[in-house]
Amino acid sequence: VPHSQRVVEWLAQQTFAPLVGESLVGDTCYVLDLSVSSRMLGANPENSTCGPMTRLIEDALWAAGSHIGIGRYDEPRLIYANDLFATGGDPLAERRTIHLGLDVWMPAGTPIYAPLDGVVHCLANNAAPLDYGPLVILRHQTAAGEPFYTLYGHLAEDVLSRWQIGQAVQAGDLLAHMGPPPINGDWPPHVHFQIITDLLERDADFPGVGLASQRPVWLSLSPDPNVVLGVPADRFPTLELPYEETLRQRRSRLGGNLSLTYSHPLKIVRGWRQYLYDDTGRAYLDMYNNVPHVGHTHPRIVKAVQEQVGLLTTNTRYLHDNINRYAERLCAHLPEALEVCYFVNSASEANELALRLVRAYTRQTNLIVMDTAYHGHTTALIDISPYKFNGPGGEGRKDWVHVAPVPDDYRGPYKRDDPERGRKYAAHVAEIIADLQAQGQGLCGFIAESLPSVGGQIVPPPHYLETVYTHVRAAGGVCIADEVQVGFGRLGRCFWGFELQEVVPDIIVLGKPIGNGQPLGAVITTRAIAEAFDNGMEFFSTFGGNPVSCAAGLALLDVLEEEQLQANALTIGTFLLDSMTALMERHPVIGDVRGVGLFLGVELVKDRETLEPAAEQASYLINRLRDHGILAGTDGPHHNVIKLRPSMIFSQADAELFLRAFDSILGEITL
Ligand code: PMP
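Keep in mind that what you see is a predicted model, and the values were worked out from it rather than measured.

Teacher, can you tell me more about the packing of aromatic side chains here?
The geometry of two aromatic rings is summed up by the distance between their centres and the angle between their planes. According to the stated counting rule, one finds 17 aromatic pairs in the structure shown. Summarising the aromatic geometry, the rings of Phe206 and Trp218 are spaced 5.9 Å apart at their centres and angled 75° between planes, so their arrangement reads as edge-to-face. With a gap of twelve residues between them, Phe206 in the loop between strand S11 (190–196) and strand S12 (209–211) and Trp218 in helix H4 (residues 215–221) connect regions that are remote in the sequence. Overall, the relative accessible area of 0% leaves Phe206 in the buried class. Members of the aromatic cluster, connected to one another through ring pairs, are Phe488, Phe495, Trp496 and Phe498. Above the face of the Tyr262 ring, Arg626 is positioned so that its terminal group lies 4.8 Å from the ring centre. Its guanidinium or amino end placed over the ring of Tyr288, Arg645 lies 4.6 Å from that ring's centre, counting from NZ or CZ.

The structure is reproduced here in structure tokens:
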């Protein structure tokens, strides 16, 4: 808007009557944070409804010793939940989030005075769906005759009879009163004050909130109204740094190989259920992150953690019921033989401990691992993770590590038409054992994910683990199941991955999703292995099994059961699997669709005969999904498998939304 800057410069030279009859300079006023990342509002949209939000604002003002709340200009907000703020029917399309006015939050009935001379240009009652409630727009002009407007929204109804269009208003005139809910659009009482330098031939429907992608345009149409209100600049704390600054700080202070997803990385500031929100308020359907097992910021888990952290967190050298209760609940989901629990803080720490257990029990070190596996980031776990030791920066295989092929019946040597393929893949493990025995060496054990995820979302063929476990045990080895990605109901058909293969491991390793984001890992084993480990050396992990983490773990189990999420994983997972399989007919780039429950993989190939991996196409697809507001990832040794592992609350509507975008993006791919 060419004259916007001149209007602002002219306003900066003027003095004004106070909008609410008193100065906004002192401690009487407090700037509220209503942004996407507002700690006051949190992630739960319930807090952005009238009653709870009124209480939160009152509490914040009381704590600050102020009685006037200020709502910021140019603040990305998610509080505009109704469909009016969406651009079309797509829930993932960009919504209007950028606040173009300043709010003054005070009790309903507070008088509002005209800050400057003007003429009544528009009087309206913008009831639902526009939700301004009664409003007035005044027309003004600068000394040079350049027109501009000021808008006052969410008023009480008396403004409509107090004034007439065309009537002159003088600075200091009683203009209106703050409206009570629900006539003010059912907001906590406040006035929305906005400057408009060009009405774009609109009046009462001029937006008070704009699209982030058009931010500079809207900020030019509606410059910062604080030039009139005069709240001191140092009262506006910067709570969220600008995107570029966040990126710069990260690059300067954090290690370079702490990688970021996407070439234009996302700055995520809020999570709610199956959605993540970036710093502009854009919503993303999260189909990638499996740690928020029952959805981001699940209120039950948040409450359990908040209550416990506010009461006690200590270590396992004192008695506490949470750890016992949690161990009991976990074991209730397990075969009887798995009866002794150890708690740690991460899956890496759990796998590391599992290694100590097997070594203590067998007094051997030779370990059989699966090709392309990943078990964690510690020194020993890099040694047993071919994905890492054979990957960039890796130092190769250690003597005590022996690599068996992934039982991949799509790409591997034994295909799905071979009923013996499971046993044939297992025979490679028998070969490794025979070689060790021929050299007079013993076996410590075998570790694998029950369904290899980093390997490309592989579902091992029938009889694979059963045969492997038989070979390993016959050689005196111990069988470890890394259930970090696949356990806890994700597969829908069963609670654990190993159940699909009808085996019972000697040790299971848990982490990542089991605390819904709280650091929590576990190792569960047999009495005999636990006794061998209990060799006089104390086992202690300072934070492992602390009351807060166990409270999160317990709440997560409650939610899984009460919301019947394992059944949901089966229903939605099967629907996704069937629908994506049906898409193969139209999209030759899909080589394979596989998985169980909400553990799904789509392998892209350039040619269904040669199986030449289509890695660039997979990367294209992931980036375009992001454009559509959907987060997914790629995996597998050839980076050509689309990995889908949404939270367990993923719904039919979410699945349909994803399938529409997926189908449309696949249509953009030519081979
Ligand atoms: N095991 C598996 C199968 C994993 O996928 C991971 C992490 N992706 C780990 C162990 C290690 O988990 P963390 O980074 O939480 O220690």
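What should I look at first to understand the nonpolar core in this one?
Taken as a class, soluble globular proteins show a tendency for nonpolar side chains to be buried jointly. If you look at the biggest cluster of nonpolar residues, it comprises 105 residues, and the most contacted ones within it are Tyr326, Phe446, Phe488 and Phe658. Broken down by element, this core gets its largest block of residues, nine residues, from helix H16 (residues 547–562). In terms of nonpolar packing, the next biggest core, distinct from the first, is built from 34 residues, Ile70, Ile112, Leu155 and Trp163 among them.

Quick question: what am I supposed to make of helix H8 (residues 321–332) here?
Owing to its 3.6 residues per turn, the α-helix aligns residues three or four sequence positions apart on the same side. Over its twelve residues, H8 extends 16 Å from the first C-alpha to the last, a length consistent with the 16 Å expected when each residue adds 1.5 Å. For H8, every residue scored as buried is listed here: Asn322, Ile323, Tyr326, Ala327 and Leu330. For H8, the arc enclosing every buried residue in end-on projection is 130°, short of the 170-degree limit, so these residues lie on one face. Residues of H8 that are exposed and point more than 90 degrees away from the buried face comprise Asp321, Glu328 and Ala332. Buried positions along H8 lie against helix H7 (299–309), strand S16 (340–344), strand S21 (507–510), strand S22 (521–525) and H16.

So, how was this worked out
- Residues numbered from 1 in each chain as written.
- Predicted model: local features only at pLDDT ≥ 70, side-chain atom pairs only at ≥ 80, totals over all residues.
- Heavy atoms only, no water.
- Phe/Tyr/Trp six-rings, centres within 6.5 Å; stacked < 30°, edge-to-face > 60°.
- Helix = DSSP H or I, 4+ residues; strand = E, 2+ residues; numbered from the N terminus.
- Buried < 20%, exposed > 50% of the residue type's maximum accessible area, 1.4 Å probe, protein only.
- Lys NZ or Arg CZ within 6 Å of the ring centre and 35° of its normal.
- Core = buried A, V, L, I, M, F, W, Y, C linked by side-chain atoms within 4.5 Å.
- Expected span 1.5 Å × (residues − 1).
- Arc of directions from axis to C-beta.
- Contact = heavy atoms within 4.5 Å.

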